[in-house]
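What follows is the residue order along each chain.
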Amino acid sequence: MNDFEYLDNIVVTVDYYNHRKCTPGWEIEEFVTDFVDITYVVNGKAEYIINGTKYTVSSGDLLCIPYDSKRSAISNPDSLMECYSINGQIRNIDGEDITLPLPLICNIGLHTDILSLYSSLNTVWNLKDPGYKLRARGLFLMILQRFFQIIIYQKDTSIMDARIKKVLQHMSNHYHKPLTVQQMADMVNLSKMYFGNLFKQETGMTFRTFLTLIRMNKAEEMLYSGEYKIHEVADACGFSDVFYFSRIFKKHRGIAPSDAIRKRQV
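What counts and what doesn't
- Residues numbered from 1 in each chain as written.
- Predicted model: local features only at pLDDT ≥ 70, side-chain atom pairs only at ≥ 80, totals over all residues.
- Heavy atoms only, no water.
- Helix = DSSP H or I, 4+ residues; strand = E, 2+ residues; numbered from the N terminus.
- Buried < 20%, exposed > 50% of the residue type's maximum accessible area, 1.4 Å probe, protein only.
- Polar contact = N/O pair within 3.5 Å; in protein donor to acceptor, adjacent residues only side chain to side chain.
- Contact = heavy atoms within 4.5 Å.
- Axes fitted to C-alpha atoms, helices over the stretch in contact; angles between N-to-C directions.
- Parallel < 35°, antiparallel > 145°, perpendicular 65-115°, else oblique.
- Nonpolar A, V, L, I, M, F, W, Y, C, P; charged D, E, K, R; others polar.
- Core = buried A, V, L, I, M, F, W, Y, C linked by side-chain atoms within 4.5 Å.
- Pairing = 2+ DSSP bridges.

Topic: the side chain of T33
Looking at the element boundaries, T33 is found in the loop between β3 (27–32) and β4 (36–43). Owing to a relative accessible area of 2%, T33 belongs among the buried residues under this scheme. Separated by 3.3 Å, the side chain of T33 and the backbone oxygen of F35 make a polar contact. Non-local contacts of T33, meaning those with residues more than four positions away in its chain, are made with P66, Y67, D68, S69 and R71.

Given below as structure tokens:
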């Protein structure tokens with residue numbers, strides 16, 4: 001397990017949401033928060049005082065103010081701040097409050113896909129259709145995932161080459177087929193050599209290694225379900241030789257396919 005795997009299972013609430021457009025007299029009076037404040041600044045500036053320290057925030061800054069923080073803020077009349085602010089609870093699956101492994105303030109720049117998620121949240125929150133809080137929580141999780149991707153995992157797929165994105169989508173849907181570097185290069189109108197170099201540059205892996213990773217992920221999922229025989233899993237994941245599949249699975253997962261099935265049944 002990596003150090004941040006627990007983030008895949010966090011539970012959130014959206015208790016307050018605001019697409020904030022500050023006025024010259026805007027301020028947040030000092031008080032101790034009983035929520036986590038996630039604020040993404042998209043324009044202008046403001047002054048925050050958090051636990052006694054003053055910060056100037058500006059466009060592209062992300063604030064992650066933990067639960068139980070003393071917080072206040074005032075407007076900058078010369079450069080009025082616009083931001084998206086979400087206040088809520090962030091807990092693990094056992095219902096315990098957790099502190100996100102994000103800096104108090106950092107600049108991540110402006111990302112169009114994140115702004116689009118906030119725009120969707122804005123619509124959901126303002127319309128308040130039946131079930132809107134459930135949808136708001138889903139959007140909040142999607143927003144957090146992007147922040148984790150940029151800040152923690154430092155793997156921003158939004159800036160990945162569009163041709164490699166197209167190939168990855170194809171691989172995720174056709175991993176069971178005998179895909180080749182040449183086929184993928186032809187699909188995006190690149191030479192085999194250029195495609196191979198670009199793929200590794202964008203993903204950090206060779207095409208063959210990445211394809212095997214997708215297949216192993218799917219195989220593990222099928223084996224743990226307990227619904228398939230090993231030869232069915234091998235065939236579904238693009239392996240015509242069940243013995244070769246078993247060898248590759250053990251190499252990548254450290255256990256034999258049969259042990260994976262037994263592990264799930266325990």
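Moving on, there is more to tell.
Structural notes on the packing of helix α3 (residues 162–174) against helix α5 (residues 192–203)
Viewed as axis vectors pointing N to C, α3 and α5 meet at an angle of 85 degrees, and their least axial separation amounts to 10 Å. Relative to α5, α3 is oriented roughly perpendicular. Taking contact as the criterion, the partners of R163, I164, V167, L168 and M171 in α3 are, on α5, Y194, F195, L198, F199, E202 and T203. Here the residues of the contact of α3 with α5 sort into eight nonpolar, one polar and two charged.

Focus: unusual backbone geometry
One non-glycine residue, N51, adopts positive backbone phi at about 50 degrees. Note on placement: N51 falls in the loop between β5 (45–50) and β6 (53–58). On the accessibility criterion, N51 (51% relative accessible area) is exposed.

Considering the nonpolar core
Of all hydrophobic cores here, the largest spans 36 residues; its most connected members are I38, I90, L100, Y118, L144 and F147. Listed by contribution, the elements that provide at least two residues to this core are β4, β7 (61–65), β9 (82–88), α1 (112–127) and α2 (132–152). If we ignore the near neighbours within four places in the chain, the residues touching L100 are L7, I38, C64, I90, L144 and F148. The next biggest cluster of nonpolar side chains, apart from the first, holds 18 residues, and it includes Y175, F199, L211 and I214.

Focus on the sheet that holds strand β2 (residues 16–21)
Reading across the sheet, the five strands line up as β2-β9-β4-β7-β11 and stay open at both edges, with antiparallel pairing between neighbours. Single-partner strands in this sheet number two, and they are β2 and β11 (105–107). On average, each strand axis in the sheet is tilted by 15 degrees relative to the strand beside it, whichever way the strands run. Pairing geometry for β4 and β9, over seven bridges, is antiparallel. Along β9, the bridge assignment pairs I38 with I86. Sitting on the sheet, α1 touches β2, β4 and β9, and the angle it makes with β2 is about 115 degrees. Sitting on the sheet, α2 is in contact with β4, β7, β9 and β11, with an inclination near 75 degrees to β4.

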